[in-house]
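Notes for the structure review
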Amino acid sequence: MRKISGYILLFFSVLFLAVFCKLEGKKSGNHSMSLKKNPPDTTLFQQALNEYLATLDSADQSFYNQIYEPKGMNSFWFSDLKRAAAHIDTLNKVISASSDHGIRPEYFDIKSVVDYTAVLDFKKPDYAQLAVAEIMLTDVYFKYCRGMKFGFINPLKLYPKDYFIQIQQPDSAFVNSIFSNPDSLRVYLDHVVPKNKEYISLQQEMQKLRLLKDSVFPSIPLLPPGKTIMAGKKHTSVPLVARRLMLTGELPYTPKVDSVYRTFNDTLLVALNKFRTKYNLLIDKEIGNGTLAALNRSFDSQYWVVAANLERLRWKPLNDISRKYVHVNVANMTLQALKGDTLVQTMKVVVGKPPKNKTPLLYGKMYEVVLNPTWTVPNSIIINEISRRMRNDPSYLGRNRMKVYRNRMEVSEWSVPWDSLSNRYQPYVIVQDSGSNNSLGRLKFNFSNPHNVYLHDTNNKSAFKLHYRGLSHGCVRVEKPLELAFFCLHDVDSTNSSEVRENNILQDRIRHSIGLRAKTSEGKTALSKGQGLKKLKRVELKPGVTVLLDYHTCFTGKDGDVQFCNDHYKMDSVLVGKLKRLE
């Protein structure tokens, strides 16, 4: 019995050992599989990556070394082979949706990258192939992040004669942040996308236009020069106008359009003026060729206008914008005075007349308001305009209170050889006296910039009644100069009575200095007692106020609605062409 019991015990011991070994074998097999999902051999990857980078030019080598040297030349995309496919899929999905931002996915060539990585064998990796895939993915990822954060096109290179705002560019801190942790890839891809209200509104407008891009509507014939369609009148083009407005929702759809809209009736007028408001066209009770041309624009062309302005929103000035700042949209010929995101004032402006006198796009700090300025006439105006006027109207300078100087000495206008003035010979300086007839008006706003451009009042207020105001020699005339001056003054704590009093007196001193009456009780009292009776010549602004002159042909209005305006400087076509040909 003891022998049998011993054999039985031995049998079960052997059986247990066999089962245990089999289980351990399975565990060992599973461990072997998990090793294949761990990071690839770092030494082999580093060697392959260095060998591949050595085949690139020095600029590319320097760029990729900036990314990989802080990581010890280790992989960003394949540091965990188990998660690599998920990271690639995330990148592919985001890139495939880049058209939501006005950028064609083909620009990134993501399909080639996905196809290349799809055939990689992660169980037995070819490190040379892995290194190539690494750089392909990094290139696509960086292109997207850089473009979304800073813009895909450099405006300084695109508009070398018009755009002078230094913009932000990716630096080492940006590069290190987006390549710090592959597990946060989705976070980085989301973080670089602009999220301000205007950008999102333009994206939504783009989506509407994308749905309409393939819509076909009959072109509306233009009218003979000088002719219009008056409200209450019949015209063969009226039903075509109605059909077009139905497509974009300004006019409710009706299948009986040809019978309902034979006449330019009140319902159609209301709908048409909604359209004209959106496109910043002249609002009236007739239809002219300007309105018809806007109605005839294809949805595809409008889609690309929105895309161009999304790109402009990605351009960010290098220097900080102060909390209180002045923004001039040269395209729309308007000025906004803002505190943070709050619109404080808006007014019309007159900007440079194209093509020779376009207002340059600038960033600067407004440092002073000059009261009752004199005007030193630019050389170009002396040569091209005043010299011609003086030949036909010798009293022009005297009538406009202008004086001529040579070598800082005043000379008679009769001594000037007006026929001989040219770019090669023009030794004279002409200065217009201050006063109500001065071309700069009563107030001039100086801000730092290399083009001697400034904002100013004007003695010709009628220009602000015009719909198109591209009339100046490059500087910006403002509709409400006094309101702008008060906005630019130092902010006052409304609960501090002393600050409020001082500010009221300063405002009334400014009014008094330019020939206006005091309005506040504090100012009236101070002036009646002779305090501050001496007229101000200038007001220094501390701190300075940021001035930004830029160009947007699609933007949000004060109510958040998306609007368009005409491209007076022909800057959209250049940008759209570049966006379509991104390489």
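Let's shift gears to the overall build of the protein. A count of helices and strands for the protein gives 21 helices and 17 strands. What you see for the protein is a C-alpha radius of gyration of 35 Å, clearly larger than the 25 Å of a compact globule of 583 residues, by over 25%. In terms of overall dimensions, the protein has a C-alpha envelope of 140 × 65 × 60 Å along the principal axes. Burial status across the protein gives 45% buried among its 583 residues.

As a further point, take the confidence of the model for the protein. In this model, the protein carries a mean pLDDT of 91, and residues with pLDDT of at least 70 account for 93%. The model gives residues 1–38 a pLDDT under 50, and that stretch makes seven contacts with residues more than four places away or in other chains.

Attention now goes to the side chain of Gln563. As for its position among the elements, Gln563 is in strand β17 (residues 562–564). Given a relative accessible area of 12%, Gln563 falls into the buried group. Side chain to side chain, Gln563 and Asn280 meet in a polar contact 3.1 Å long. The residues touching Gln563, leaving out its near neighbours within four places in the chain, are Thr277, Lys278, Asn280, Thr553, Cys554, Phe555 and Gly557.

This next bit is on a nonpolar patch on the surface. Among the surface-exposed residues, Leu466, Tyr468 and Leu471 lie close enough to one another that they form a single nonpolar patch of about 240 Å² accessible area. The topology assignment puts Leu471 in strand β13 (residues 470–472).

On to the environment of Ser415, then. The residue Ser415 is located in the loop between β9 (409–411) and β10 (428–432) in this model. Owing to a relative accessible area of 47%, Ser415 belongs among the partly exposed residues under this scheme. Here the alpha-carbon distance between Ser415 and Val404, two residues 11 residues apart in the chain, equals 9.7 Å. Within polar-contact distance, the side chain of Ser415 engages the backbone oxygen of Ser412 at 2.6 Å.

If you walk across this open sheet you meet the four strands as β7-β10-β8-β9, and the pairing is antiparallel. Of all strands in the sheet, those with a lone pairing partner are β7 (375–376) and β9, marking the two edges. Alignment of strand β8 (residues 402–406) against β10, held across five bridges, turns out to be antiparallel. Looking across to β10, one finds that Val404 is bridged to Ile430. In the packing of helix α16 (residues 379–392) onto the sheet, the strands contacted are β7, β8 and β10, and the crossing angle to β10 comes to about 90 degrees.

This part covers the state of the cysteines. Across all of its chains, the model carries zero disulfides by this definition. Take Cys475: it sits in no disulfide, and the sulfur closest to it among the cysteines is that of Cys488, at 16 Å. Its relative accessible area of 17% is what places Cys475 among the buried residues. Judged by relative accessible area, which is 2%, Cys488 ranks as buried.

The rules we used
- Residues numbered from 1 in each chain as written.
- Predicted model: local features only at pLDDT ≥ 70, side-chain atom pairs only at ≥ 80, totals over all residues.
- Heavy atoms only, no water.
- Helix = DSSP H or I, 4+ residues; strand = E, 2+ residues; numbered from the N terminus.
- Rg over C-alpha atoms; globule rule 2.2 N^0.38 Å.
- Buried < 20%, exposed > 50% of the residue type's maximum accessible area, 1.4 Å probe, protein only.
- pLDDT = per-residue confidence, 0-100.
- Contact = heavy atoms within 4.5 Å.
- Polar contact = N/O pair within 3.5 Å; in protein donor to acceptor, adjacent residues only side chain to side chain.
- Patch = residues over 30% accessible without salt bridge, like charges linked within 9 Å, V, L, I, M, F, W, Y side chains within 5 Å.
- Areas by Shrake-Rupley, 256 points an atom, 1.4 Å probe, with all protein chains shown as cover.
- Salt bridge = Lys/Arg side-chain N within 4 Å of Asp/Glu carboxyl O.
- Pairing = 2+ DSSP bridges.
- Axes fitted to C-alpha atoms, helices over the stretch in contact; angles between N-to-C directions.
- Disulfide = S-S within 2.5 Å.

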